[in-house]
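Commentary on secondary and tertiary structure
The residues making up each chain are set out below.
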Amino acid sequence: MKAESGVDTDIAIITAENLKLVAENWGKYFSKDRFNLHVFNSTEILDWETLRDRMNLFS
């Protein structure tokens, strides 16, 4: 899928359950009123542990 999508495209796989956890918890990681979409800017499977780490990284 990545090879067919063009240059500089990231493909992240996330379950609905983990996406719900992000939606419910992002306010704990970001002080602004905006969620940093760089959390999803990755080519990998984004499990809850990885998402928490990335929210900490980009907060």
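Everything below is about the structure shown above.
The following paragraphs examine the structure supplied in this document. (Residues numbered from 1 in each chain as written. Predicted model: local features only at pLDDT ≥ 70, side-chain atom pairs only at ≥ 80, totals over all residues. Heavy atoms only, no water.)

**Some words on the overall build of the chain**
Put simply, the rule reads: Helix numbers and strand numbers start at the N terminus; a helix is a DSSP run of H or I with at least 4 residues, a strand a run of E with at least 2. For every residue, the accessible area obtained with a 1.4 Å probe (protein chains only) is divided by the maximum for its type, and the residue is called buried under 20%, exposed over 50%, and partly exposed between those limits. The contact criterion used is simple: two residues touch if any of their non-hydrogen atoms lie within 4.5 Å. Here, Shrake-Rupley sampling with a 1.4 Å probe gives the accessible areas, and only protein chains in the shown set may cover a residue.
Scanning the chain from N- to C-terminus turns up 3 helices and 2 strands. In the chain, which comprises 59 residues, the share counted as buried stands at 22%. Residue pairs at least 24 apart in sequence account for 50% of intrachain contacts in the chain once pairs closer than 6 positions are excluded. Entry remark: accessible area of the chain is about 4,500 Å², with carbon and sulfur atoms responsible for 52%.

**Observations concerning a negative patch on the surface**
Operational definition: Surface patches are defined over residues having more than 30% relative accessible area and no salt bridge, joining like charges when they lie within 9 Å and nonpolar side chains (Val, Leu, Ile, Met, Phe, Trp, Tyr) when within 5 Å. Salt bridges are counted wherever a side-chain nitrogen of Lys or Arg sits within 4 Å of a carboxyl oxygen of Asp or Glu. Positive charges come from Lys and Arg, negative ones from Asp and Glu, while His and the chain ends are left out of the count. Here the site of a charge means NZ on Lys, CZ on Arg, CG on Asp, or CD on Glu.
Together, Glu44, Asp47, Glu49 and Asp53 make up a region of like negative charge exposed at the surface. Here Asp53 lies in helix H3 (residues 48-57). On the accessibility criterion, Asp53 (46% relative accessible area) is partly exposed.

**With respect to the packing of helix H2 (residues 16-25) against H3**
Stated formally: Axes, fitted as lines to C-alpha atoms, cover a helix only where it is in contact. Angles between the N-to-C directions of the axes lie from 0 to 180 degrees. Crossing handedness is defined as follows: a turn of the near helix away from the far one that is anticlockwise and smaller than a right angle gives a left-handed crossing, while the clockwise case is right-handed. Under the scheme applied, nonpolar residues are Ala, Val, Leu, Ile, Met, Phe, Trp, Tyr, Cys and Pro; charged residues are Asp, Glu, Lys and Arg; polar residues are all the others, including Gly.
Relative orientation of the contacting elements H2 and H3 amounts to 35°, with a least axis distance of 10 Å. Every pair of crossing elements has a handedness; the one defined by H2 and H3 is right-handed. Along its contact with H2, which presents Asn18, Leu21, Val22 and Asn25, the element H3 presents Trp48, Leu51 and Met55. Looking at the contact of H2 with H3 residue by residue, the classes come out as 5 nonpolar, 2 polar and no charged.

**Let's talk about the side chain of Asn18**
Here Asn18 lies in helix H2. For Asn18, a relative accessible area of 12% gives the class buried. Dropping the residues within four chain positions of it, Asn18 is found in contact with Leu46, Asp47, Trp48 and Leu51.

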